[in-house]
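Residue-level structural notes
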Amino acid sequence: MSRGSGGGLDANDGRVWLGTPAFPEAARTALADTQLRHNLRHATTTIRAKRLDATGEVPHWEELREAGAAIKRRTARHLDHYLEQLERSVTEAGGTVHWAGDAAEANRIVARLVTATGAREVVKVKSMATQEIGLNEALGAAGITAYETDLAELIVQLGEDRPSHILVPAIHRNRAEIRDVFAARMGDWGRAAPQDLDDDPKALAEAARLHLREKFLTAEVAISGANFAAADTGTVAVVESEGNGRMCLTLPRTLITVMGIEKVVPRFADLEVFLQLLPRSSTGERMNPYTSLWTGVTPGDGPQDFHLVLLDNGRTDVLKDTVGRQTLACIRCSACLNVCPVYERTGGHAYGSVYPGPIGAVLTPQLVGVDKAPSLPFASTLCGACYDACPVKIDIPEVLVHLRARVVEADRDRRALPTPEALAMAAASAVLDSPTLLGIAQRAAAAGGRLTTRGGRIRRLPGPLRRWSATRDTPPPARETFRTWWRENRERR
Amino acid sequence: MTDERTDRPRPGTSPAEDDRHDRTDTGRAAVLGRIRAALGDVPADETPADVPVPRAYLRTTPPDDIVTLFAERVGDYRATVVRCAPEEVARTVAALLERRGVRRVVVPDGFPPEFLTRTDADLVRDAPPLTVRQLDAVDSTLTTVAVAIAETGTVVLDAGPGQGRRALTLVPDHHLCVVHPEQIVPDVPEALARLDPRRPLTLVSGPSATSDIELRRVEGVHGPRILDIVLVTSGTPARPETPETSETPETPETPDTPGART
Ligand code: SF4
């Protein structure tokens, strides 16, 4: 599917890839792809091990997670206050703040700002927010070419592909595939790949370096996302590894940063928590190679024109839901993807959402409305591994269960009479909501041998779940039963 | 950079139309209104400080020898650390530049001239500011640092004297920085407490790197491929002085004094 034409992405809503099959179907296709599964397993196991080393080394890791969750809780409960403070700080430091209610508004603001500079090309730092609003496509429609500069994003863009992981978007591609994409497509976008390009990662990285260098040295406008922004000082932070971020944030004359409203943190000093939590959870490093922090504009150093676009695009709907609200704490580290047994087997594309994995399963339905992504809250085993891994302690299983109930409600409201599926869902969610019932169902199933699995997946659920499971596979709980999880995580509170 | 702005592109969708629109801040009012409506469950008299933020993480004990820890941790990132006595810095800098084959090196204002006495590389000043192309044509940049972080093996640049603007340590392929022991702090919280957020800050942990291709680490994708650190050893490694307590009006419960950790 082509990114450039906008044919793959729905023009109205870049957050869900409409036209892609719902999760159960897409997952079945992905499961049949052995190369994909091999690439995924290798990647997630490797990052998982590194993350455990990096977090295990910090004796006060749990205290850091507590602080991270608490800072985000404080921010969410007083979001209007902090955003107004951020706006004042950025403006005082010489930047301009814009507010965008939805994707279309954000895209219009960015296109207008770019057009005003006279530039037709922009360089981009990898950012989930701009992917979410389909910015590249919108800029394309306005006659502006956006160049992705993160190596993985470059692979995705050249290959007319979609990202499949938050941190390593081209995780589903191996080096031979990447070589072929570079050899075939680099010339169409700028400097071509060397004739004799082989599939050594060093050589591939070098080809990307040469290809992008020309763009960095001439670009007049850059577009970035933001990992954090401190309300008290107006300081914006971008963490990265390759230096493409620094290139974009430093060399062009104009910098436009698109930031979800939930990325604000109260104080500059609060960054001390997140700059510890993020790299270790994300890449399993003590610190990522480069972190850039800037406050408005600095005469003689870096962009002299800085714009901060604050993006809602459904986030206030998430805020409204007192259970779902905690999802806004997400710092996009991707730790939950790497520990998720479902993600490891299906990959990111199966979610049909800009945000894949456990975080995608809870965030996307909330951003777009559960009726538009009804299968995503079910794309999980509720094993709780994501909750254990999350550096800001988002209780993803809790939100999943909550959203499952909302899916059923939405279904019931939409149709005059409940469909058989809605009834089965209601039964399923009643059981999943109740630790005792599920425990009984699982034990009964195990004891009676009525739980038939094939290829590690439950084909048939017992009792009230049968009709629901007849139409979909249920991945078995990976590490513990829901009941055990419930006892440990919910009842103790 | 050539200026091509005489030829303005014709906008595909007419963004000019929105000019007035954005300026009147309809987006702002709408978003803030939705946020306030969404937070109906938050009591009207609740203040941010009413939401507690536990800071127990600050109570860690740094190792005695943070200078050695810093050197080890930087080494983990495939950067080179060379420790030398104060009177050896000029010679060490010269030797490293030679080892890297550096012929032209940018020296920012405020970089100590006594560190430059032994090298025969061409010294280039950034005054008047070099164009990006000129910068691309030099081999290396020499800097001091604002702060260094032992636990993570990080150096922090704040564009202060001896560091220059951010582009200097980004475009050339080699970056050599001189670190003094008293600049090393144990961890990230102490580093941020020492920094001025109004300055542009860059935290550097090893050379640029990517792991995007089969998670194989490759150094130097866009930033400098080589990072050399000269660590000035002045007899017994010094303990960092305690930074001043930062103003924390919003969080009175915060034990933000790094002194509390020892
Ligand atoms: S939900 Fe938690 S673990 Fe997942 S990406 Fe967000 S912060 Fe990371």
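Relevant structure appears above.
Residues numbered from 1 in each chain as written. Chains lettered and ligands numbered in written order. Predicted model: local features only at pLDDT ≥ 70, side-chain atom pairs only at ≥ 80, totals over all residues. Heavy atoms only, no water.

**Considering the packing of aromatic side chains**
Residues and elements named next belong to chain A. All chains considered together, the criterion is met by five aromatic pairs over all chains. Its guanidinium or amino end placed over the ring of F274, K72 lies 5.5 Å from that ring's centre, counting from NZ or CZ. Against the face of Y290 rests R246, its NZ or CZ located 4.6 Å from the ring centre. (Phe/Tyr/Trp six-rings, centres within 6.5 Å; stacked < 30°, edge-to-face > 60°. Lys NZ or Arg CZ within 6 Å of the ring centre and 35° of its normal.)

**Looking at the interface of chain B and chain A**
Taken residue by residue, the interface counts 96 residues in chain B and 113 residues in chain A. Buried surface at the junction of chain B and chain A, summed over both partners, amounts to about 9,100 Å²; 55% is from carbon and sulfur atoms. Here chain B is connected to chain A by 16 salt bridges. As a salt-bridge pair, A:E214 and B:R133 come within 3.0 Å of each other at their nearest N and O atoms. Taken together, chain B and chain A are joined by 31 residue pairs in polar contact (both at pLDDT 80 or more). Counting only elements with at least two residues in the side of chain B that touches chain A, the list comes to helix 1 (18–23), helix 2 (26–38), helix 3 (66–76), helix 5 (132–136), helix 6 (188–194), strand 9 (201–204) and strand 10 (209–210) of chain B. (Contact = heavy atoms within 4.5 Å. Buried area = accessible area lost by both parts, 1.4 Å probe. Salt bridge = Lys/Arg side-chain N within 4 Å of Asp/Glu carboxyl O. Polar contact = N/O pair within 3.5 Å; in protein donor to acceptor, adjacent residues only side chain to side chain. Helix = DSSP H or I, 4+ residues; strand = E, 2+ residues; numbered from the N terminus.)

**Considerations on the sheet that holds strand 4 (residues 140–144) of chain B**
Residues and elements named next belong to chain B. Read across the sheet, six strands follow the order 1-12-7-4-2-3 without closing on themselves; strand pairing throughout is parallel. For this open sheet the edge positions go to strand 1 (80–84) and strand 3 (122–125), each flanked by a neighbour on one side alone. Averaged over all adjacent pairs, the angle separating strand axes in this sheet is 25°, with direction ignored. Summarising the sheet, strand 2 (residues 104–107) and strand 4 pair through two bridges and their orientation is parallel. What sits directly across from V106, in strand 4, is T141. (Pairing = 2+ DSSP bridges. Axes fitted to C-alpha atoms, helices over the stretch in contact; angles between N-to-C directions.)

**Examining unusual backbone geometry**
Of note, the bond from B:A127 into B:P128 is cis; its omega dihedral lies within 30 degrees of zero at 0°. If you trace the backbone, B:P128 turns up in the loop between strand 3 and helix 5. Non-glycine residue A:N313 carries a positive phi angle of around 50°. Phi is positive for B:A159, which is not a glycine, with a value near 65°. Here B:A159 shows up in the loop between strand 6 (154–157) and strand 7 (174–179). Among the residues examined, B:A159 registers a relative accessible area of 25% and is labelled partly exposed. (Buried < 20%, exposed > 50% of the residue type's maximum accessible area, 1.4 Å probe, protein only.)

**Looking at the environment of B:T143**
Residue and element names in this part refer to chain B. The topology assignment puts T143 in strand 4. A relative accessible area of 0% means that T143 is categorised as buried. C-alpha of T143 to C-alpha of G110: the two residues are 33 residues apart in sequence and 9.1 Å apart in space. Every residue in contact with T143, bar those within four places of it in the chain, is listed here: P108, F111, L157, G162, Q163, T169, H175, L176, C177 and V178.

**A short note on the site of the ligand**
Taken together, 13 residues are adjacent to the ligand, and A:C330, A:C333, A:S334, A:C336 and A:C390 come closest. Of the residues in the shell around the ligand, the class split is eleven nonpolar, one polar and one charged. (Near = heavy atom within 4 Å. Nonpolar A, V, L, I, M, F, W, Y, C, P; charged D, E, K, R; others polar.)

**A closer look at the sheet that holds strand 4 (residues 221–224) of chain A**
All names here are of chain A. Here six strands make up an open sheet; going across it, the order is 1-10-7-4-2-3 and the pairing parallel. Only two strands of the sheet have a single partner each, and these edge strands are strand 1 (96–100) and strand 3 (145–148). Along the sheet, successive strands turn relative to each other by an average axial angle of 25°, direction set aside. Most of the contacts of helix 4 (residues 79–92) go to strand 1, to which it runs at about 145°, and overall it touches strand 1, strand 7 (254–260) and strand 10 (305–311).

**Some thoughts on the packing of helix 8 (residues 151–158) of chain A against helix 9 (residues 175–189) of chain A**
All names here are of chain A. In the contact formed by helix 8 and helix 9, the axes pass within 9 Å of each other and the chain directions differ by 75°. What the angle tells us is that helix 8 and helix 9 run roughly perpendicular. On the side of helix 8, the interface is formed by L151, L154, I155, Q157 and L158, while helix 9 contributes I178, V181, F182, R185, M186 and W189. Within the contact of helix 8 with helix 9, the residues separate by chemical class into nine nonpolar, one polar and one charged. (Parallel < 35°, antiparallel > 145°, perpendicular 65-115°, else oblique.)

**Notes on the pairing of strand 9 of chain B**
Covered by surrounding structure in strand 9 of chain B are B:L201 and B:L203 together with B:T202 and B:V204, the residues of both alternating faces. Here four bridges tie strand 9 (residues 290–295) of chain A to strand 9 of chain B, and the two strands are oriented antiparallel to one another. Bridged to A:S292 within strand 9 of chain B is B:T202.

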